Amino acid sequence: MSVQLLTVAAEEGEQRLDRWFKRRFPHVTQGAVEKMCRTGQIRVDGARAKASDRVAPGMEIRVPPLPDAEAPRPRESRVSKSDEQMIQDCVIFRDEHMIVLNKPPGLPSQGGSGQGDRHVDGLAEALKFGYKEKPKLVHRLDKDTSGVLMLARTDRVARGLSEALRHRNTRKIYWAAVAGVPNPRQGSVKYGLMKAPGHGRGGEGEKMLCVHPAKMADYPEAKRAQTDFFTLWFLGSRLSWMALSPITGRTHQLRAHMAELGHPIIGDGKYGGSGQENLGDGWGATLGGELSRKLHLHARSLTVEHPVTKVLTTFTARLPEHMARTWAQFDWKEGDVPENPFRDS
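Residues numbered from 1 in each chain as written. Predicted model: local features only at pLDDT ≥ 70, side-chain atom pairs only at ≥ 80, totals over all residues. Heavy atoms only, no water.

Novice: Account for a positive patch on the surface, naming residues and giving values.
Specialist: Among the surface-exposed residues, K50, R140, K195, K223 and R250 lie close enough to one another that they form a single positively charged patch. Mapped onto the fold, K223 is located in the loop between β14 (208–211) and β15 (227–235). You can call K223 partly exposed: its relative accessible area is 42%. (Patch = residues over 30% accessible without salt bridge, like charges linked within 9 Å, V, L, I, M, F, W, Y side chains within 5 Å. Areas by Shrake-Rupley, 256 points an atom, 1.4 Å probe, with all protein chains shown as cover. Salt bridge = Lys/Arg side-chain N within 4 Å of Asp/Glu carboxyl O. Lys, Arg positive; Asp, Glu negative; His and termini not counted. Charge placed at Lys NZ, Arg CZ, Asp CG, Glu CD. Helix = DSSP H or I, 4+ residues; strand = E, 2+ residues; numbered from the N terminus. Buried < 20%, exposed > 50% of the residue type's maximum accessible area, 1.4 Å probe, protein only.)

See the structure below:
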């Protein structure tokens, strides 16, 4: 097959590039799509693109030569019995349209560079529950972030959930433990975000840099971002239990924004939240052990309109074990705080 230039049709609507590609070429794997994007073989309107970029009707997609759809495909790895049980135990809601998980920390949402074969998208083979096709991810969480993650059981529901996530009634609330106590205790962070230059061994190319709103015009590659925050509880001046609500959905948004405020999320080595980077008299000197090692960021709840029943529904996920132990250590109780402190915002 030679290079093709295909136009996104009106009936295909707006969607992620990888999903558009998979619908056109279902025999091509997710890993292959991401590799072709990274190497510049897939382009959108002549420009490089990421698999997660959104495409819309009228855009032109460059499709490189692809393997023959009739050629034998490599045998897909089977989900082990232990992983099957693990991912099924993560289900907190299920009906004939969608599945909601409480994703454990350390498990990537999707495969990709350096992620290996063990991720939610791959383990979704164990979440068919009688359907012929495995459920599809409609959004993602960082590997080390736990909490509410939705999957759609049909393509139609996947499109509906993607639209619902962009609706003004949708509210995502994360819980985090951060260094220090923000002042003011509640507000919004509106720093833009841009990818750090370089691709060094320390993962510099995967880190996001904050850009002051007044300087956004100086950095055309920066994207506007907003995070609402609310301090639910605090321990002296050393530690705070935060509710964070991302109004936009940028890469590492919550982690970068809290670090920019001077209150990095505990356990976040990339953005200065590990005890190893806060030695001496810093807050990390008194919060050792596990507190310094594991990311304390959890997608606590998601309020979204059900794509079929149209009922506004809230899904809530319990804290992962390492965060639950931290909450117990400081006598923080889930029932002592409002589930949605942004209700009147």
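Novice: So what about the side chain of H252? Which residues, and what values?
Specialist: Turning to its location among the elements, H252 is positioned in the loop between β16 (239–246) and α6 (253–260). Separated by 2.9 Å, the side chains of H252 and Y271 make a polar contact. Apart from residues lying up to four places away in sequence, H252 is in contact with D142, E206, M208, K270 and Y271. (Polar contact = N/O pair within 3.5 Å; in protein donor to acceptor, adjacent residues only side chain to side chain. Contact = heavy atoms within 4.5 Å.)

Novice: Pulling in residues and values, what's your account of the UniProt feature "active site" (unreviewed entry) in the protein chain?
Specialist: This chain's UniProt record puts "active site" (unreviewed entry) on D142. Those residues within four positions of D142 in sequence are excluded, and the remaining contacts are K103, H252 and R255. (UniProt positions renumbered as here; feature names shortened; annotations may be inferred.)

Novice: How would you explain the side chain of R171 if you had to name every residue and give the values?
Specialist: You can see R171 is positioned in strand β11 (residues 171–179). A residue is classified by how much of its surface remains accessible, and R171, at 18% relative accessible area, is buried. Only 2.6 Å separates the side chain of R171 from the side chain of S245, close enough to count as a polar contact.

Novice: Describe the pattern of salt bridges, and please don't skip the residues or the numbers.
Specialist: When their charged atoms lie close together, side chains carrying opposite charge are able to pair. Under the definition given, this model contains 14 salt bridges. For R118, the salt bridge goes to D83, with nearest N and O atoms at 2.8 Å. Taken together, the residues R118 in the loop between β8 (98–103) and α4 (120–123) and D83 in helix α3 (residues 81–89) connect sequence positions 35 residues apart. With a relative accessible area of 43%, R118 lands in the partly exposed category. Residue class for D83 comes out buried when judged on its relative accessible area of 14%. Close ionic contact of E321 with R325 constitutes a salt bridge, the shortest N to O distance being 3.8 Å. With a gap of 4 residues between them, E321 and R325 both fall in helix α8 (residues 321–329), about one helical turn apart.

Novice: Kindly report on α6, identifying the contributing residues and their values.
Specialist: Burial of α6 is extensive: 6 of the 8 residues sit out of reach of the surface. Those residues of α6 that sit buried are Q253, L254, R255, A256, H257 and M258.

Novice: Can you tell me about the packing of helix α1 (residues 17–24) against helix α2 (residues 30–38), naming the residues and giving the values?
Specialist: Packing of α1 against α2 leaves a shortest axis separation of 10 Å and a crossing angle of 125 degrees. When the axes of α1 and α2 are compared, the pair comes out oblique. α2 is crossed by α1, and the crossing has right-handed handedness. Across from L17, D18, F21 and K22 in α1, the residues of α2 making contact are Q30, V33, M36 and C37. Of the residues in the contact of α1 with α2, the class split is 5 nonpolar, 1 polar and 2 charged. (Axes fitted to C-alpha atoms, helices over the stretch in contact; angles between N-to-C directions. Parallel < 35°, antiparallel > 145°, perpendicular 65-115°, else oblique. Left-handed = near helix turned anticlockwise from the far one by under 90°. Nonpolar A, V, L, I, M, F, W, Y, C, P; charged D, E, K, R; others polar.)

Novice: Give a description of the nonpolar core that names residues and reports values.
Specialist: With 27 residues, the main nonpolar core has I87, L101, V120, Y174, L244, I265 and L297 as its most contacted residues. Listing elements by their share of this core, those giving two or more residues are β8, α4, β10 (146–152), β11, β16, α6 and β17 (297–305). Top element by residues in this core is β11. It accounts for 3 residues. Residues within four places of L244 in sequence aside, it is in contact with K172, I173, Y174, A176, T227, D228, F229, L254, M258, I265, L297 and F342. Counting 18 residues, the second largest nonpolar core, distinct from the first, contains L6, V33, V44 and I61. (Core = buried A, V, L, I, M, F, W, Y, C linked by side-chain atoms within 4.5 Å.)

Novice: Outline the sheet that holds strand β1 (residues 4–7), supporting the account with residue identities and numerical values.
Specialist: Taken together, the 4 strands give an open sheet; going across it, the order is β1-β6-β3-β4, and neighbouring strands pair in antiparallel fashion. Here the strands that pair on one side only, and so sit at the sheet edges, are β1 and β4 (47–48). Where strand β3 (residues 43–44) and strand β6 (residues 60–63) come together, 2 bridges link them in antiparallel fashion. Bridge pairing in β6 links R43 to R62. Contacting β1, β3 and β6, α1 runs over the sheet at an angle of about 65 degrees to β6. (Pairing = 2+ DSSP bridges.)

Novice: Account for the confidence of the model for the protein chain, naming residues and giving values.
Specialist: In this model, the protein chain carries an average pLDDT of 88, and 87% of its residues clear a pLDDT of 70 or more. Looking over the protein chain, one finds the lowest element-wise mean pLDDT in helix α7 (residues 290–293), namely 65, and the highest in β8, namely 98. (pLDDT = per-residue confidence, 0-100.)

Novice: Lay out unusual backbone geometry with the relevant residues and their values.
Specialist: With an omega of 10 degrees, the peptide bond running from N183 to P184 counts as cis. As for its placement among the helices and strands, P184 is situated in the loop between β11 and β12 (186–189). Despite not being glycine, F129 shows a phi value in the positive range, around 45 degrees. Among the residues examined, F129 registers a relative accessible area of 29% and is labelled partly exposed.

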